[in-house]
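Listed below are the residues making up each chain.
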Amino acid sequence: MSDSITPLLLSQSDSFESKQSPPPPSLEETIERCIGDFSWVQFLQAFLVSFAWIFDAQQTFISIFTDAEPTWHCNQLGDESCNSVSDICQLSKNSWSWDFPLHTSIISEWGLECASSLVKGLPASSFFMGCLAGGFILATLADSSLGRKNMLFLSCLMMSISSLLTIFSPNVWIYSVLRFVNGFGRATIGTCAIVLSSELVGKKWRGQVGTIGFFCFTLGFLSLPAIAYVNRGSSWRTLYFWTSMPTLFYSMLVPIFVRESPRWLFVQGRTEEAVLIIKGIASTNQNISRISFSNLCFERETWNVELYSAIKILVEKKWAFRRLSAAMVAGFGIGIVYYGMPLGLGNLSFNLYLSVTLNALSELPSSMITFFIIGKLNRRSSLLGLTTLSGICSVMCVVAGKVSTMLQIGLELVSFCSACTSFGLILIYTLELFPTCVRNSAISMLRQAVVLGGAISPLLVAAGRKNRFLTFGVFGLVIGICGLFAVSLPETRDRTISDTMDEEEYKERVTLACDN
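Where an unreviewed UniProt entry is consulted, the chain appears under the name Major facilitator superfamily (MFS) profile domain-containing protein, with the organism given as Dipteronia sinensis. Checking UniProt for the chain, the heading Subcellular location (unreviewed entry) contains the comment "Membrane".

Structural data, given as structure tokens:
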């Protein structure tokens, strides 16, 4: 039998209404009455939380430059035996040299130019495997004991410290281990950021606020080629230093300025803390004077909300498992392209700095498209269209390379932009598919699937240096096929999100009854 808690009440004038008074408002309706749809206080909180995406992007794509295989040249200009060979492993060590100092890349510093694709792709794959492990181990902590705010702080701190320690890596094996730890710490940053920012605003602005994080992620991605270009010729360790220090400083600000989600506090039964936060957020709201905090009937969850119980209930409930499975399969396909495309840019006959910058810039229109789609179009059909477009363009990259380099990079940009838009859309879509009590865990599981695609992509990129179909061809086929699973998901546009599994399950039964 479910417990009851006492959050928010209507004004005293409501007590004089007739005995047949209407049912009390839901938790979402009451919170929205207090804090309104959107205010400057809410915007600043959402922006501060979303700022973590900048550092998330830097650590995600930093290996594009640190793990890149540098260009080389023959020591003697007239040496035909050297100039006619494209694989340096077929040449003697004295006949060629790197164009830049050895310390500019891990490949040149540790002599990995002739190592297997497995070894070359190990650091990047280790990062994504760390994301998988961290997402599984840390995911439910944001829904159970720690909450969104503390989880965000812990993740940023762990990511910054591990990134700083990476500077002292003596070989590729220690480097890969530290990249694993870095990915482990980074795993829940994006999840906590998007969930926390969306739970601080009203329904009308929920999707739009979620796109703030995507803009910040783009900013972080854009900053990488700029930092790398300024430090070209310097050690790859310099990149880790200039990206880890700002992250460490930001993590110190989170406990001071970021506020916990009042929704999560209510679900946990911490009513007084939730009320204080709502009062702080609603301090500039003119309607707050008409609402007092007293007696609102709110049903808490009937199942035991403890560590990993969120994942258990997601698997046990058939409707939840069906939704989660479909979203994760689609997310896996999106992750292959989203993380793999930037890593595969070195396989194209195009300037690396320029191509990475163009890819980072393509995230700006993708964020704008996501902002438009969230407000105007259905989630399901939009996701299907975007994954299909990304798949077609990715496959065409293989053929276009034989025709024109400009056409190839153009198709690559369209494919990547579509994958970026799909990624942002499916995050917000999943946010609306699951109630507050398991929302963070559900999105974490989705990101697990996306990261799994990212973990496989470096190996495909390494293999694609000899056969481009193993990179761009496989990328396109996977995202196209996996995107079709979105057909089984219910539409959530303009729908009120739930706070408990019981509430969402009731809506599911009503929807099925209406369809029948």
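Structure's up, so let's keep going.
A. Up close: the state of the cysteines. For the structure shown, the criterion picks out one disulfide. Linked covalently through their sulfurs, Cys89 and Cys114 form a disulfide whose S-S length is 2.1 Å. In this structure the cystine formed by Cys89 and Cys114 twists about its S-S bond by roughly -120 degrees; its chirality is therefore left-handed. Taken together, the residues span a long stretch of sequence, with Cys89 in the loop between helix 5 (80-83) and strand 4 (96-98) and Cys114 in the loop between helix 6 (106-109) and helix 7 (117-138) at a distance of 25 residues. Classification of Cys89 by relative accessible area gives partly exposed; the value is 34%. Among the cysteines around Cys192, which has no disulfide bond, Cys156 carries the closest sulfur, lying 8.8 Å off. With a relative accessible area of 0%, Cys192 lands in the buried category.

B. Spatial organisation of the packing of aromatic side chains. Inspection of every chain in the model, using the stated rule, returns 27 aromatic pairs. Between the aromatic rings of Trp110 and Trp236, the centroid separation amounts to 5.5 Å while the plane-to-plane angle is 70 degrees, which identifies the pairing as edge-to-face. One end of the pair, Trp110, is in the loop between helix 6 and helix 7; the other, Trp236, is in helix 12 (residues 236-257), and 126 residues separate them in sequence. Exposure class is identical for Trp110 and Trp236. Each is buried. Seen from their ring centres, Phe472 and Phe475 are 6.3 Å apart, and the 75 degrees between their planes marks the pair as edge-to-face. With Phe472 and Phe475 both in helix 21 (residues 472-483), this residue pair falls three residues apart, about one helical turn. With respect to class, Phe472 is no different from Phe475; both count as buried. Among the aromatic residues, ring-to-ring pairing joins Trp53, Phe61, Phe127, Phe128, Phe214, Phe217, Phe221, Tyr338, Tyr339, Phe416 and Phe423 into one connected group. One residue, Arg232, lies across the ring of Tyr229, its end atom 4.0 Å from the ring centre.

C. How the structure looks around helix 14 (residues 271-281). Within the sequence span of helix 14, burial applies to Thr271, Ala274, Val275, Ile277, Ile278 and Ile281. Down the axis, helix 14 shows its buried residues gathered within 165 degrees of arc, on one side only. Exposed side of helix 14, more than 90 degrees from the buried face: Glu272 and Leu276 are the residues found there.

D. Fine view of the side chain of Gln45. Mapped onto the secondary structure, Gln45 falls in helix 2 (residues 40-50). Look at Gln45 and you get buried, because its relative accessible area is 7%. One polar contact links the side chain of Gln45 to the main-chain amide nitrogen of Arg259, over a distance of 2.9 Å. Ignoring sequence-local partners within four residues, the contact set of Gln45 consists of Leu200, Phe257, Val258 and Arg259.

E. Local environment of a nonpolar patch on the surface. A cluster of nonpolar side chains, namely Met129, Val177, Phe180 and Val181, defines an oily patch on the protein surface of about 310 Å² accessible area. It is helix 9 (residues 172-186) that contributes the most residues to the nonpolar patch, three residues altogether. The topology assignment puts Met129 in helix 7. Residue Met129 is classed as partly exposed on the basis of its relative accessible area, which comes to 42%.

F. Local environment of the packing of helix 10 (residues 189-198) against helix 19 (residues 405-433). Close contact between helix 10 and helix 19 brings their axes to 11 Å; oriented N to C, the two are set at 55 degrees. With respect to each other, helix 10 and helix 19 are oriented oblique. Every pair of crossing elements has a handedness; the one defined by helix 10 and helix 19 is right-handed. Judged by residue contacts, Ile194, Val195 and Ser198 of helix 10 engage Leu427, Ile428 and Leu431 from helix 19. When the residues that make up the contact of helix 10 with helix 19 are grouped by side-chain class, the tally is five nonpolar, one polar and no charged.

G. The arrangement of the pattern of salt bridges in detail. Tallied over the full model, the rule gives nine salt bridges. For the salt bridge of Glu504 with Arg323, the shortest nitrogen-to-oxygen distance reads 2.9 Å. Here the residue Glu504 occupies a position in helix 22 (residues 501-515), and Arg323 occupies one in helix 16 (residues 318-343), the gap between them amounting to 181 residues. As far as the burial class goes, Glu504 and Arg323 line up, both buried. A salt bridge links Glu432 to Arg379; the nearest nitrogen and oxygen atoms lie 2.9 Å apart.

H. Representation of the nonpolar core within the structure. Counting residues in hydrophobic clusters, the biggest one holds 127 residues, and the most contacted among them are Leu152, Ile194 and Tyr338. Ignoring any residue separated from it by four or fewer positions in sequence, one finds Tyr338 in contact with Phe61, Phe217, Glu363, Phe416, Ala419, Cys420 and Phe423. Grouped together as the second largest cluster of nonpolar side chains are seven residues, Cys74, Cys82, Val85 and Leu91 included.

I. Spatial organisation of the packing of helix 17 (residues 352-376) against helix 19. Where helix 17 contacts helix 19, the two axes come as close as 8 Å, and the packing angle between them is 45 degrees. In terms of axis orientation, helix 17 runs oblique to helix 19. In the crossing of helix 17 with helix 19, the sense of the turn from one axis to the other is right-handed. Contact with helix 17, carried on its side by Ser355, Leu358, Asn359, Ser362, Glu363, Pro365, Ser366, Ile369, Thr370, Ile373 and Ile374, involves Ile409, Glu412, Leu413, Phe416, Cys417, Cys420, Thr421, Gly424, Leu425 and Ile428 of helix 19 and no other residues of that element. Residue composition of the contact of helix 17 with helix 19, grouped by class: 12 nonpolar, seven polar and two charged.

What counts and what doesn't
- Residues numbered from 1 in each chain as written.
- Predicted model: local features only at pLDDT ≥ 70, side-chain atom pairs only at ≥ 80, totals over all residues.
- Heavy atoms only, no water.
- UniProt positions renumbered as here; feature names shortened; annotations may be inferred.
- Disulfide = S-S within 2.5 Å.
- Helix = DSSP H or I, 4+ residues; strand = E, 2+ residues; numbered from the N terminus.
- Buried < 20%, exposed > 50% of the residue type's maximum accessible area, 1.4 Å probe, protein only.
- Phe/Tyr/Trp six-rings, centres within 6.5 Å; stacked < 30°, edge-to-face > 60°.
- Lys NZ or Arg CZ within 6 Å of the ring centre and 35° of its normal.
- Arc of directions from axis to C-beta.
- Polar contact = N/O pair within 3.5 Å; in protein donor to acceptor, adjacent residues only side chain to side chain.
- Contact = heavy atoms within 4.5 Å.
- Patch = residues over 30% accessible without salt bridge, like charges linked within 9 Å, V, L, I, M, F, W, Y side chains within 5 Å.
- Areas by Shrake-Rupley, 256 points an atom, 1.4 Å probe, with all protein chains shown as cover.
- Salt bridge = Lys/Arg side-chain N within 4 Å of Asp/Glu carboxyl O.
- Axes fitted to C-alpha atoms, helices over the stretch in contact; angles between N-to-C directions.
- Parallel < 35°, antiparallel > 145°, perpendicular 65-115°, else oblique.
- Left-handed = near helix turned anticlockwise from the far one by under 90°.
- Nonpolar A, V, L, I, M, F, W, Y, C, P; charged D, E, K, R; others polar.
- Core = buried A, V, L, I, M, F, W, Y, C linked by side-chain atoms within 4.5 Å.

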